[in-house]
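# Notes for the structure review
Each chain, letter by letter, is given below.
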Amino acid sequence: MLRPQKRPTESNILSAAAKVWSRSELNLIIAVINCLDIQTIFKAVFFNLKAIVLKGVDDMYTKYLVTGATGFLGRTLVRKLTESGFTVSALVMKSDPLIHSLPDGISVFYGDITDRGFLDEAFQNTGREYCVIHCAGMISIASSPDKSIYRINVQGTENIISLCRLHNVGKLIYVSSVHSIPEKPKGEIITETYDFSPDTVEGDYAKSKAMATNAVLDATGQGINASIVHPSGIIGPGDLSCGNITEMLRAFCAGSFSMSVNGGYDFVDVRDVAAGIIACSQYGKAGSCYILSGHYVTVKELLSTAASLTSRKPPLLCAPLFLARLIAPFYEARSIRKNQKPFFTPYSISVLGSNGLFSHEKATAELGYSPRELSETLRDTIVWMRENLTD
């Protein structure tokens, strides 16, 4: 398994920079940095400068293949890539009802990531100039998820790795999850790790993502240029499939759900995750992991903020976790009987009671990653729900 590379010294970077810029241009850059004397700005400028110097301008990717392109994150990512002028190919399931939501001007390929034979066409014309972003996967908070979650998340990822190797793809970005990272004791900040095991995380979703992350890291040790991103709980506008948090916000804003639960988690705007992935494709180091987190917030704070942006009152009741754990199995069973998507299950309650303190310091320093405030995300999400989702 490839471990994080030793960080180059500033003197080495400046020596490499001298081969690209003149002495006067370097002096100007250094003077500007010295005048700013602001650590955060220095880090963003320094590491972006370092990435360009060490990679070379010719290695900056302009062609992308995105798997899971019709998903919440995939669709946002494809839109950002096309808006930035990149050439984009999208891999989707032929039966996907959201194909129509993809923007014009992209190449669409049909395939199932669990069936390598159906993936050949999408990879046929790729090569060193391509970056593959593997977003496709199965997310589930169900107590007993379909066991195909391992086939999709693990075998599917292994197929993508194999095709990247076969076609000599320039770079692979794997979208993992913070759930794949072993939890630290409450109060401790969780940072990037390179030790992933299904035995150290809880739930089939987390276990499958840990196994897939390991497969990608192993591949970097065999010559694949790959980086891994770990988003936290993704929320924001554009969730056409109505994920668990979107469904909860929708029910709350409609007045059909008015209680809260103790506990919370880190939530991040889907647009910021997409921007972080693109930055990782350009500046991320081979074999490196990057947490793309946002802000920790309790469920009560989340719903209270939503209430302040609408005409709804804040939640009146806040169930303690022990009570929520008792109720969750019955709520999940009731939702399944009514063919509704449950947003509270035993697994989701367990997550809300876990340590949700994730640091994005590394992504901020090396990728220039900067998540927006949660209030902006919720405001935009509520506006989008009003305009696009009907009861």
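As shown above, the structure is provided for reference.
Residues numbered from 1 in each chain as written. Predicted model: local features only at pLDDT ≥ 70, side-chain atom pairs only at ≥ 80, totals over all residues. Heavy atoms only, no water.

Glancing now at the packing of helix α8 (residues 244-254) against helix α14 (residues 374-388). Running from N to C, α8 and α14 point in directions that differ by 70°, and their axes come no closer than 11 Å. With respect to their mutual orientation, α8 and α14 come out roughly perpendicular. Contact residues: α8 offers Thr246, Leu249, Arg250 and Cys253, while α14 offers Leu378, Thr381, Ile382 and Met385. Here the contact of α8 with α14 is built from residues that sort into five nonpolar, two polar and one charged. (Axes fitted to C-alpha atoms, helices over the stretch in contact; angles between N-to-C directions. Helix = DSSP H or I, 4+ residues; strand = E, 2+ residues; numbered from the N terminus. Parallel < 35°, antiparallel > 145°, perpendicular 65-115°, else oblique. Contact = heavy atoms within 4.5 Å. Nonpolar A, V, L, I, M, F, W, Y, C, P; charged D, E, K, R; others polar.)

Moving on, we come to a nonpolar patch on the surface. Nonpolar side chains collect at one region of the surface, where Phe322, Leu323, Leu326 and Ile327 lie side by side and expose about 390 Å² of accessible area between them. Relative to the elements of secondary structure, Leu326 occurs in helix α11 (residues 321-337). The class of Leu326 is exposed, set by a relative accessible area of 55%. (Patch = residues over 30% accessible without salt bridge, like charges linked within 9 Å, V, L, I, M, F, W, Y side chains within 5 Å. Areas by Shrake-Rupley, 256 points an atom, 1.4 Å probe, with all protein chains shown as cover. Salt bridge = Lys/Arg side-chain N within 4 Å of Asp/Glu carboxyl O. Buried < 20%, exposed > 50% of the residue type's maximum accessible area, 1.4 Å probe, protein only.)

It is possible for side chains of opposite charge to pair when their charged atoms get near one another. A full pass over the atoms with the stated rule returns nine salt bridges. Notably, a salt bridge pairs Asp269 with Arg372, separated by 3.7 Å at the nearest N-O pair. In this pair, Asp269 is assigned in strand β9 (residues 264-269) and Arg372 in the loop between α13 (361-367) and α14, connecting sequence segments 103 residues apart. The exposure class of Asp269 is buried, given its relative accessible area of 2%. One salt bridge connects Asp380 with Arg271, and the closest N-O pair in it is separated by 2.9 Å. Highlighted residues: Asp380 in helix α14 and Arg271 in helix α9 (residues 270-283), separated in sequence by 109 residues. Exposure remark for Asp380: the relative accessible area of 22% places this residue in the partly exposed category. Three or more residues are tied together by salt bridges with common partners; here these are Asp269, Arg271, Asp272, Arg372, Glu376, Arg379 and Asp380.

Under the 1.5 Å per step criterion, the end-to-end length of α11 is 24 Å for 17 residues, consistent within 8% with the ideal 24 Å. Most pronounced at Ile327, the bend in α11 amounts to some 40°, and the proline Pro329 follows within four residues. Buried within α11 we find Leu321, Ala324, Ala328, Tyr331, Glu332 and Ser335. In the core, the buried residues of α11 are packed alongside β8 (259-261), β12 (317-319) and α12 (346-352). Positive backbone phi, at 55°, marks Asn339, one or two positions downstream of α11. (Expected span 1.5 Å × (residues − 1). Bend = angle between axes of the 7 residues up to and from the residue.)

Taken in spatial order, the three strands line up as β7-β9-β11 in an open sheet, and their pairing is mixed. The outermost strands of the open sheet, each flanked by one partner alone, are β7 (233-235) and β11 (295-298). Mean inter-strand twist for the sheet, computed between neighbouring axes without regard to direction, equals 50°. As judged from the four bridges shared by β9 and β11, these two strands associate in the antiparallel manner. If you follow Gly264 over to β11, its bridge partner there is Thr298. Along the sheet face, helix α10 (residues 299-308) touches β9 and β11 and points at about 90° away from the line of β11. (Pairing = 2+ DSSP bridges.)

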